[in-house]
Amino acid sequence: MTNREKNFSYDAYLNRTHFLGRIVSVLALIMLLGAPFVIGGVLGAMPDLAAAGRGFLAVGLIWAASSVVEYLVYTPMLGAGGSYLAFITGNLINMKIPCAMNARELTGAKSGTAENEVISTLSIATSSLVTILVLALGVLLMIPLQPVLRAPALQPAFASVVPALFGAMACQYYRKDPKLAVVPLCAMSLLFILVPSLISSTSMMIIPSGAIAIGLAYAGWRKTRKEEG
Amino acid sequence: MDSGVLNRLNGGAIWLVCGTIVAFIAVVCVVFMVRAWRAGKALGMDPVKMRRAVTSSATFSILPSLGILLGVLALSGSLGTPWPWLRLSVIGALHYETVVAEGAAEQVGVKLGTESMTVEAFATIALLMSACIVGGMILAVFFNKRYLRKLQGRNPAASGKSSGGFGDRAMIAMFIGLVSAYIGSYIGGFVSQKPSPDAAGEYVSARFSFLGDWTPLVAVAASAAAMGVFIWLKEKKGLDWVENFAVAGSMLVGMAAAVLVRL
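All of the points below concern the structure found in this document. Note that the coordinates shown come from a computational prediction; the quantities given were computed from them, not determined experimentally. (Residues numbered from 1 in each chain as written. Chains lettered and ligands numbered in written order. Predicted model: local features only at pLDDT ≥ 70, side-chain atom pairs only at ≥ 80, totals over all residues. Heavy atoms only, no water.)

Details of the packing of helix α8 (residues 161-174) of chain A against helix α11 (residues 243-261) of chain B
Stage number 1. Between α8(A) and α11(B), the least distance of the axes is 8 Å, while the angle of their chain directions is 130°. In this view, α8(A) runs oblique relative to α11(B), as classed from their interaxial angle. Crossing of α8(A) over α11(B) shows right-handed handedness. The segment α8(A) lies against α11(B), with Val161(A), Ala164(A), Leu165(A), Ala168(A) and Gln172(A) engaging Val247(B), Ser250(B), Met251(B), Gly254(B) and Met255(B).
Stage number 2. Each residue belonging to the contact of α8(A) with α11(B) can be placed in one class, and the counts come to seven nonpolar, three polar and no charged. (Axes fitted to C-alpha atoms, helices over the stretch in contact; angles between N-to-C directions. Helix = DSSP H or I, 4+ residues; strand = E, 2+ residues; numbered from the N terminus. Parallel < 35°, antiparallel > 145°, perpendicular 65-115°, else oblique. Left-handed = near helix turned anticlockwise from the far one by under 90°. Contact = heavy atoms within 4.5 Å. Nonpolar A, V, L, I, M, F, W, Y, C, P; charged D, E, K, R; others polar.)

A word on helix α4 (residues 82-91) of chain B
Stage number 1. Counting buried positions along α4(B) yields ten of ten residues, so the element is predominantly enclosed.
Stage number 2. For α4(B), the set of buried residues is Pro82(B), Trp83(B), Pro84(B), Trp85(B), Leu86(B), Arg87(B), Leu88(B), Ser89(B), Val90(B) and Ile91(B). (Buried < 20%, exposed > 50% of the residue type's maximum accessible area, 1.4 Å probe, protein only.)

Considering the side chain of Asn10(B)
Stage number 1. With respect to the helices, strands and loops of the structure, Asn10(B) is situated in the loop between α1 (3-9) and α2 (12-42).
Stage number 2. With a relative accessible area of 14%, Asn10(B) lands in the buried category.
Stage number 3. Only 2.6 Å separates the side chain of Asn10(B) from the backbone nitrogen of Thr81(B), close enough to count as a polar contact.
Stage number 4. Dropping the residues within four chain positions of it, Asn10(B) is found in contact with Gln146(A), Arg150(A), Trp15(B), Gly80(B), Thr81(B) and Pro82(B). (Polar contact = N/O pair within 3.5 Å; in protein donor to acceptor, adjacent residues only side chain to side chain.)

A closer look at the packing of aromatic side chains
Stage number 1. One pass over the full model with this rule turns up eleven aromatic pairs over all chains.
Stage number 2. When the centroid spacing of 4.4 Å and the interplanar angle of 15° are considered together, the rings of Phe166(A) and Tyr182(B) count as stacked. Taken together, the residues span two chains, with Phe166(A) in helix α8 and Tyr182(B) in helix α9 (residues 166-192). Exposure class is identical for Phe166(A) and Tyr182(B). Each is buried.
Stage number 3. Centre to centre, the rings of Phe190(B) and Phe210(B) are 5.8 Å apart; their planes meet at 80°, and the pair counts as edge-to-face. You can see Phe190(B) sitting in helix α9 and its partner Phe210(B) sitting in the loop between β2 (203-205) and α10 (215-235), a full 20 residues away along the chain.
Stage number 4. Linked through ring pairs, Phe8(A), Tyr10(A) and Tyr13(A) together constitute an aromatic cluster. (Phe/Tyr/Trp six-rings, centres within 6.5 Å; stacked < 30°, edge-to-face > 60°.)

A few points about the nonpolar core
Stage number 1. Within the largest apolar cluster, 138 residues are counted, with the highest numbers of intra-cluster contacts made by Phe166(A), Trp83(B), Phe122(B), Ile125(B), Met137(B) and Leu178(B).
Stage number 2. Domain assignment of the residues forming this core places at least three in each of domain 1 (3-144) and domain 2 (155-228) of chain A.
Stage number 3. Apart from residues lying up to four places away in sequence, Phe122(B) is in contact with Ile39(A), Leu43(A), Leu9(B), Leu79(B), Trp83(B) and Met117(B).
Stage number 4. In terms of nonpolar packing, the next biggest core, distinct from the first, is built from eight residues, Cys171(A), Met227(B), Ile231(B) and Val242(B) among them. (Core = buried A, V, L, I, M, F, W, Y, C linked by side-chain atoms within 4.5 Å. Domains from an automatic or database assignment.)

Scope: geometric values only; no functional claims are made or implied.
Here it is in structure tokens:
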């Protein structure tokens, strides 16, 4: 064991992790928010802040709420180093969380321990690097495909990205609670059929639709809780 | 899509901006990894165990990463390649990016993947995509230290589950509401719109005309069916790995269906 290892203090390590994590998170934040302005400068077209603000009210609030829930639930699983990295690199539910859980199980690390802190940081960092690498290689391979991607026959595909996503999500979420889906889906269909001019502001309608679904879910939850006593 | 706009969104300068950020984050990952490795050694952890954590995480991440790559492909037709590459490399998730991009596009009056896209619209969409996802990072900056101190020594599996758990249901309900609003709008569009006499590809209100665009409904149905197959393969056939491709794969099926019906 070297001198340095003998003098190792886990508390000092954690403190430095928090310090470093905060700095890189703030830097990443500045870069990600700054990039659209830099790109806008390059292209000669700055973002329209008023439109971005309206968009934020419509769709951003949902994600803001879900990011609080994600934060509270996932941070304890990820530890200090792992959570800073995971919130910067994203893809939590579909990759980082199961990846860290898997590593933890393989190595038998108990949550809340120093060992877990090390294992989950190693796991999340590795996972992020693999994604960065795979995507970089993949994107390089995609460059020669650009002319194919722009073929007119393929354009309906790109115009259908959003409906295709919602089809997949409908299947995923409706099956979890089919009864809950009936009312918001019928209400929204009826609304858009009767007031087609609203179709151009669908994202605003997420709010009433979400409110209906959450209200019904809450009523159902209260009822089952009462029945259970 | 106006290929001039797409050319500009695929320009070298955009690659440089996005590449710099991806490179920065890659360096951050390496730094955290090296620090954790050294800390593990200093704590007397078995290097074999640590190596196992690294190799298992690397192999575990390959398939989901390929799924994410398909997501880049799906978005590249409307937003160019570099921006979706950045977003999906380092922070986003496909469903998040797509929903926010669509919401932002609506605010600036364009539709993703159509001729209406402009560079002005792109800048606004990109900003909103960045702004909507920073919640986790901001919370981590302000609360991580205190939150984790509080939890130290406690088992999160035991304390993290609140009794009764309305949180989970609220999340499911929120997504059901989100999906319903959009699918409702496609149904409304088909029933109560008709092609605009002035502009090709545009639609105007026409209550109960049944002349609206039905391509989105085809895409919804095809991708929902594909997702059903993915879920069946996972749950009934025990093929857990298919889950990595479920969302992106279903989307590509839906997109392919839209191409077929418009041929």
